[in-house]
Amino acid sequence: QVQLLESGGGSVQTGASLRLSCAASGRTFYAMGWFRQAPGKEREFVAAISWSGGGTYHTYYLDSVKGRFTISRDSGKNTMYLQMNSVKPEDTAVYYCAAAVMSSTYEISDAYDYWGQGTQVTVSS
């Protein structure tokens, strides 16, 4: 059984920091990523991280979050993180964790095979 469990969301003020976590279980993956969806908006890619067997990581980011968000992974815990700094009201959305079982273009949702239930992030002015 494969499970992706997000946590760390909450309600914060503009400029605050949050750290989202996604704990994976059931199998290993080639890459994991974060997507978000705001009310009335399409789901959009936020960040992704891929890795090799030797522990080399590659990261990818939505342009609007570069310099503010950092994606990382703890291989021992099979857990992915999204460190969100200097958050803005525009970051308000449900954030979804996703995992891919093969190499792909990780900026698109079709690359992913498993999805978490989402965690709400709300940023007030």
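Relevant structure appears above.
A word on the overall build of the protein chain. Counting secondary structure elements, the protein chain contains 0 helices and 11 strands. The secondary structure elements of the protein chain, listed N-terminal to C-terminal, are β-β-β-β-β-β-β-β-β-β-β. Relative to the compact-globule value of 14 Å for 125 residues, the protein chain shows a C-alpha radius of gyration of 14 Å, a close match. Along the three orthogonal principal directions, the C-alpha set of the protein chain runs to about 40 × 25 × 25 Å. Evaluated residue by residue, the protein chain yields a buried proportion of 39% over its 125 residues. A separation threshold of at least 6 residues defines the contact pool for the protein chain, and within that pool the share at least 24 residues apart is 56%. For the protein chain, the exposed surface amounts to about 6500 Å²; the carbon and sulfur share of it is 45%. The averaged location of the 10 negative side-chain charges in the protein chain is 5 Å from the averaged location of its 10 positive side-chain charges.

Turning to the pattern of salt bridges, a few remarks are in order. Overall, the coordinates contain 4 salt bridges when judged by the stated rule. Notably, a salt bridge pairs Glu-44 with Arg-36, separated by 2.7 Å at the nearest N-O pair. A relative accessible area of 31% places Glu-44 in the partly exposed class. Residues Asp-63 and Lys-66 are paired through a salt bridge, measuring 3.1 Å at the closest nitrogen-oxygen approach. Taken together, the shared-partner salt bridges connect Arg-36, Glu-44, Arg-68 and Asp-91 into one network.

Turning next to the state of the cysteines. The full count for this structure, using the stated rule, is 1 disulfide. Here Cys-22 connects covalently by a disulfide to Cys-97, the sulfurs 1.9 Å from one another. Residues Cys-22 and Cys-97 are joined by a disulfide whose S-S torsion is about -70°; by sign, that bridge is left-handed. You can see Cys-22 sitting in strand 3 (residues 18-25) and its partner Cys-97 sitting in strand 9 (residues 93-100), a full 75 residues away along the chain. Pair check on accessibility: Cys-22 and Cys-97 agree, each one buried.

Its location among the elements puts Thr-119 in strand 11 (residues 119-124). Overall, Thr-119 belongs to the buried group, its relative accessible area being 11%. Of note is the side chain of Thr-119, whose polar atom sits 3.2 Å from the backbone nitrogen of Gly-9. Contacts of Thr-119, omitting those with residues within four sequence positions, involve Glu-6, Ser-7, Gly-8, Gly-9, Leu-20, Ala-93, Val-94 and Tyr-95.

Parameters and conventions
Residues numbered from 1 in each chain as written. Predicted model: local features only at pLDDT ≥ 70, side-chain atom pairs only at ≥ 80, totals over all residues. Heavy atoms only, no water. Helix = DSSP H or I, 4+ residues; strand = E, 2+ residues; numbered from the N terminus. Rg over C-alpha atoms; globule rule 2.2 N^0.38 Å. Buried < 20%, exposed > 50% of the residue type's maximum accessible area, 1.4 Å probe, protein only. Contact = heavy atoms within 4.5 Å. Areas by Shrake-Rupley, 256 points an atom, 1.4 Å probe, with all protein chains shown as cover. Lys, Arg positive; Asp, Glu negative; His and termini not counted. Charge placed at Lys NZ, Arg CZ, Asp CG, Glu CD. Salt bridge = Lys/Arg side-chain N within 4 Å of Asp/Glu carboxyl O. Disulfide = S-S within 2.5 Å. Polar contact = N/O pair within 3.5 Å; in protein donor to acceptor, adjacent residues only side chain to side chain.

Treat this as a map of the structure, not an account of what it does.
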